[in-house]
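Next come the chains, spelled out residue by residue.
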Amino acid sequence: MNKLKERRKELGLTQKQVAERAGLSWQVYQRYELGARTPIATTAIRVARALETTVEALYGIVENE
């Protein structure tokens, strides 16, 4: 499960603000946050930057040790 909503709320941002930072419509961002869609890699990076974090942190990706 991704942590988009959790991170957005930590930053005190609205969905519209995150979407604008990432260069997306708020409707598209909302679908990502709800898990209805999964962004392609380049979009995931833009969303992570908008949320001041990494793709790995948002999507719970664990790197091999």
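A brief structural summary. Just so you know, these numbers come straight off a predicted model, no measurement behind them.

Basis of the calculations
- Starting from 1, residues in each chain are numbered consecutively following that chain's sequence as written.
- Whole-chain, interface and lining totals are the exception, using all residues; otherwise, since this is a predicted model, local features are given only for residues with pLDDT of at least 70 and side-chain atom pairs are given and counted only at 80 or more.
- With hydrogens and water stripped out, all remaining heavy atoms of the structure feed into the side-chain values.
- A pair is scored as a salt bridge if a Lys or Arg side-chain nitrogen falls within 4 Å of a carboxyl oxygen belonging to Asp or Glu.
- In DSSP terms, a helix is any run of H or I states spanning at least four residues, a strand is any run of E spanning at least two, and both are numbered starting from the N terminus.
- Relative accessibility under 20% of the residue-type maximum defines a buried residue, over 50% an exposed one, and the middle range a partly exposed one, all with a 1.4 Å probe and only protein chains included.
- Residue contacts follow a heavy-atom distance rule, with two residues in contact if any of their heavy atoms lie within 4.5 Å.

Some thoughts on the pattern of salt bridges
For the structure on display, the rule yields three salt bridges. E10 is the salt-bridge partner of R7, the closest N and O atoms lying 3.0 Å from each other. In this pair, R7 and E10 are both assigned in helix α1 (residues 4-11), three residues apart and thus about one turn of the helix distant. Residue classification places E10 among the exposed residues on the basis of a relative accessible area of 52%.

Quick word on the environment of V55
Turning to its location among the elements, V55 is positioned in helix α5 (residues 55-59). Excluding its chain neighbours within four sequence positions, the residues that come into contact with V55 are A44, I45, A48 and I61.

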